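# A closer look at the structure
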2 protein chains.
Amino acid sequence: MRHVISVTVENKPGVLAHISSLFAARGYSIDSLAVGETEDPAISRMTIVTRGDDQIIEQIIKQLRKLISTLKVNDLSKVDFIERDLVLIQVNAPPGKRGEIIEIVNVFRGKIVDVGQKNLVVELSGQGNKVEAFIDLLRTYGIKEMARTGSIAMTRGAK
Amino acid sequence: MRHVISVTVENKPGVLAHISSLFAARGYSIDSLAVGETEDPAISRMTIVTRGDDQIIEQIIKQLRKLISTLKVNDLSKVDFIERDLVLIQVNAPPGKRGEIIEIVNVFRGKIVDVGQKNLVVELSGQGNKVEAFIDLLRTYGIKEMARTGSIAMTRGAK
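Residues numbered from 1 in each chain as written. Chains lettered and ligands numbered in written order. Predicted model: local features only at pLDDT ≥ 70, side-chain atom pairs only at ≥ 80, totals over all residues. Heavy atoms only, no water.

### Points about the interface of chain B and chain A
Contacts between chain B and chain A engage 56 residues on the former and 56 residues on the latter. Of the charged contacts, one joins E145 of chain B and R45 of chain A as a salt bridge, the two residues approaching to 2.9 Å between their closest N and O atoms. For the interface between chain B and chain A, the tally reads 12 residue pairs in polar contact (both at pLDDT 80 or more). Those elements giving two or more residues to the side of chain B that touches chain A turn out to be helix 1 (15-24), strand 2 (30-37), strand 5 (81-92), strand 6 (111-115), strand 7 (119-126), helix 4 (128-139), strand 8 (143-148) and strand 9 (152-155) of chain B. Its residues assigned to classes, the side of chain B that touches chain A shows 23 nonpolar, 17 polar and 16 charged. For strand 2 (residues 30-37) of chain A and strand 2 of chain B, the ladder comprises 3 bridges, and the chain directions are antiparallel. Across the sheet, V35 of chain A pairs through a bridge with L33 of chain B, a residue of strand 2 of chain B. (Contact = heavy atoms within 4.5 Å. Salt bridge = Lys/Arg side-chain N within 4 Å of Asp/Glu carboxyl O. Polar contact = N/O pair within 3.5 Å; in protein donor to acceptor, adjacent residues only side chain to side chain. Helix = DSSP H or I, 4+ residues; strand = E, 2+ residues; numbered from the N terminus. Nonpolar A, V, L, I, M, F, W, Y, C, P; charged D, E, K, R; others polar. Pairing = 2+ DSSP bridges.)

Written out as structure tokens, the structure reads:
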């Protein structure tokens, strides 16, 4: 099963290495990981997406909770949550195809970030499946380069 | 100096742990790190933002290049590049303040993702300083929760 795990940690050297080695020790691949600052510069928040046996993920979460630098661990897969992802794509765009590509970007409410002689750089944020559909459409034109943040996630607000 | 490093790696367990430990071994804090999939599911791309002495960063980059799982390392700080970041913010929004907050979100071309009784969840992508300005404005209403992807980056297209 796919798991989206949110981990709040102290922003110190070594914390990321420690956490990622907990997954590696079990041979677990991390599909995506995003670490960014929070309101408090001393605290970082990680969103980890992984796939695997529920029991083993449960063990990893228990170990994460035991780390001194860990403040909070949440398996969002068990609750109703919001998930967003950001992608930058450099796509092949010869003059005759440029209009078509711009149309696709507009339909998805993406943004054109850079225009070159033969290519465009486009930006899109949204839910994973929307981002996937966008990538699939651009693939037919030829993707030259792509960078994706991986998911960030949050419990839905109303409690 | 601030460095934005893009690393393309094989998508295998342990690669992230290995790379993050190279930074930790020198006591270097990672400001943000985003790892996501690329066009090829066997390959991941990491964007690492760190601050520090140029010579030491240069040493870390050399070591990154020596790792078997590393395919490509690029210090984008030395070229003209595009950088984007995504944030999800749950902000305090009592009925009397909701209109004001929605106006701010519209000015920044952000999106309202979720509406609760007393709060809103908003999404914004853009350059780091734009995201910072947005966070600063929302801080006055009270930020309840925040998740940020960290930067992804790409060399500007026209060569």
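Following the structure, the description resumes.
### Considering the relation of the copies chain B and chain A
With an RMSD of 0.0 Å, the fit of chain B onto chain A corresponds to turning through 180° and sliding 0.0 Å along the axis. Both copies are brought into coincidence by an operation consistent with a two-fold rotation axis. Taken as a fraction of all interface residues of chain B, those also at the interface in chain A reach 100%, which identifies the copy contact as same-surface. (Least-squares fit on C-alpha atoms with pLDDT ≥ 70 in both.)

### What about the nonpolar core?
Among the nonpolar cores identified, the biggest contains 40 residues, and I19 of chain A together with I19 of chain B are the most heavily contacted of them. Beyond its immediate sequence surroundings of up to four residues, I19 of chain A is in contact with V7, V9, M46, I48, L64 and L67 of chain A. (Core = buried A, V, L, I, M, F, W, Y, C linked by side-chain atoms within 4.5 Å. Buried < 20%, exposed > 50% of the residue type's maximum accessible area, 1.4 Å probe, protein only.)

### Regarding the sheet that holds strand 3 (residues 43-51) of chain B
Strands sit in the order 4(A)-1(A)-3(A)-2(A)-2(B)-3(B)-1(B)-4(B) across an open sheet of 8 strands; the sheet is antiparallel. If you trace the sheet from one side to the other, it starts and ends with strand 4 (70-75) of chain A together with strand 4 (70-75) of chain B, each paired once. Across the sheet, the axes of successive neighbouring strands diverge by a mean angle of 15°, strand direction being ignored. (Axes fitted to C-alpha atoms, helices over the stretch in contact; angles between N-to-C directions.)

### As for the confidence of the model for chain A
Averaged over every residue, the pLDDT of chain A is 92; residues scoring 70 or more account for 98%. Taken over the whole predicted complex, pTM reads 0.91, whereas the ipTM for its chain interfaces reads 0.90. (pLDDT = per-residue confidence, 0-100.)

### Focus: the packing of helix 3 (residues 95-107) of chain A against helix 4 (residues 128-139) of chain A
Residues and elements named next belong to chain A. It is at 11 Å that the axes of helix 3 and helix 4 come closest, and there the two elements cross at 175°. With respect to each other, helix 3 and helix 4 are oriented roughly antiparallel. When helix 3 is examined against helix 4, the residues I101, I104 and V105 are found in contact with a partner set consisting of F134, L137 and L138. Partitioning the contact of helix 3 with helix 4 into residue classes produces 6 nonpolar, no polar and no charged. (Parallel < 35°, antiparallel > 145°, perpendicular 65-115°, else oblique.)

### Re the packing of aromatic side chains
Residues and elements named next belong to chain A. Within this structure, the stated rule accounts for 2 aromatic pairs over all chains. With a centroid separation of 5.2 Å and an interplanar angle of 55°, the aromatic rings of F108 and F134 are classed as tilted. In this pair, F108 is assigned in the loop between helix 3 and strand 6 (111-115) and F134 in helix 4, connecting sequence segments 26 residues apart. (Phe/Tyr/Trp six-rings, centres within 6.5 Å; stacked < 30°, edge-to-face > 60°.)

### Here's the deal with the environment of R51 of chain B
Residue and element names in this part refer to chain B. Of note, R51 is situated in strand 3. A C-alpha to C-alpha distance of 8.8 Å links R51 and V4, two positions 47 residues apart in sequence. If sequence neighbours within four positions are ignored, R51 has contacts with M1, R2, Y28 and D31. At 2.8 Å, the side chain of R51 forms a polar contact with the side chain of D31.

### Brief notes about the domain arrangement of chain A
All names here are of chain A. Once the domains are mapped, chain A shows domain 1 (2-78) and domain 2 (82-155). Taking the mean C-alpha position of each, domain 1 and domain 2 sit 28 Å from one another. Facing 9 residues of domain 1, the contacting portion of domain 2 comprises 8 residues. Buried area between domain 1 and domain 2, both sides added, is near 600 Å², and the carbon and sulfur share of it is 50%. Our count for the domain 1 to domain 2 interface comes out at 1 salt bridge. A salt bridge links R2 to E83; its shortest N-O distance comes to 2.7 Å. Where the side of domain 1 that touches domain 2 is concerned, the elements lending two or more residues are strand 1 (2-10), strand 2 and strand 3 (43-51). (Domains from an automatic or database assignment. Buried area = accessible area lost by both parts, 1.4 Å probe.)

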